[in-house]
Amino acid sequence: VWTWVPIEGAICRDGSATGIGVRYADDGNPDNLAIYFMGGGACFNSLSCLGNPSSYDENTFGGGPGGGGVFDFSNPDNPLRNHNMIFVPYCTGDTHLGNKPGDPGNGQQQFMGRKNVELIMDRVGPTFADASNVLVTGGSAGGEGAPDCRCARHDPCGQRIRLPHGRGIVSGFPGALAHGADFRI
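What counts as what
Residues numbered from 1 in each chain as written. Predicted model: local features only at pLDDT ≥ 70, side-chain atom pairs only at ≥ 80, totals over all residues. Heavy atoms only, no water. Salt bridge = Lys/Arg side-chain N within 4 Å of Asp/Glu carboxyl O. Buried < 20%, exposed > 50% of the residue type's maximum accessible area, 1.4 Å probe, protein only. Helix = DSSP H or I, 4+ residues; strand = E, 2+ residues; numbered from the N terminus. Pairing = 2+ DSSP bridges.

Novice: Can you walk me through the pattern of salt bridges in this structure?
Specialist: Where charged atoms of side chains with opposite charge meet at close range, the side chains can pair. Counting across every chain of the model gives two salt bridges. Ionic pairing is found between arginine 23 and aspartate 26, a salt bridge with its closest N-O pair at 3.0 Å. You can call aspartate 26 exposed: its relative accessible area is 61%. Residue arginine 114 pairs with glutamate 118 through a salt bridge whose shortest N-O separation is 3.5 Å. Highlighted residues: arginine 114 and glutamate 118, both in helix H2 (residues 113-127), separated by four residues, approximately one helical turn. Here arginine 114 falls in the buried class, since its relative accessible area comes to 17%. For glutamate 118, a relative accessible area of 14% translates into the label buried.

Novice: Where do I start with the pairing of strand S7 (residues 133-138) in this structure?
Specialist: Along any regular strand the residues' side chains alternate between the sheet's two faces. Buried residues dominate S7, accounting for six of its six residues. Because side chains alternate across S7, one face comprises the buried residues Asn133, Leu135 and Thr137, and the other comprises Val134, Val136 and Gly138, equally buried. For strand S3 (residues 32-37) and S7, the ladder comprises six bridges, and the chain directions are parallel. Across the sheet, phenylalanine 37 pairs through a bridge with glycine 138, a residue of S7.

Novice: How do you make sense of the pairing of strand S4 (residues 84-88) when you look at a structure like this?
Specialist: With five of its five residues buried, S4 lies for the most part within the structure. With burial as the criterion, each face of S4 is covered, one bearing Asn84, Ile86 and Val88 and the other bearing Met85 and Phe87. Strand direction decides the pairing type here: strand S2 (residues 17-23) and S4, joined by three bridges, are antiparallel. Bridging from a neighbouring strand, glycine 21 pairs with phenylalanine 87 of S4. Two strands pair when backbone bridges link them, and S3 and S4 are joined in this way by five bridges, in the parallel orientation. Residue pairing in the sheet places leucine 33 in a bridge with asparagine 84 of S4.

Any functional reading would require information that these geometric values do not contain.
As structure tokens, this is what we get:
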């Protein structure tokens, strides 16, 4: 079961509040944690900004990020089925890396992805302090931003974080593909 957790101070590019989705592993094992950064393209002009959401809240999240790929926890071939999961939504238009407001040609935008990652990691680190196996990944823009979480202000997960080979796919586990894809054995 997914739960929406507001993150105080985290904002989307339209200035609205955002948060994260959290799913605790069905087996209750605190050792495994996967952090998935949602993708969506970069916002660098008025046309490109149309390709990604300017807001993402509990209503947008609904019951979770969907049930395919790494989010299909009923699939016995899913290597992340017994992982606690953090879903980091994408609403900043900056591949989760921005650190200042700007105007790409369609009005002032809050490109605060980096700040959001810091706030998220400040919250996730203590909550999953016992996790010994942490995978950080994402698709598209999330694959670009995922490695940056290692450099978050306090690096709460420290050396426990593993990054997949290549951005945008979960290749740290044999046969696993990004969200929405099927698994190959």
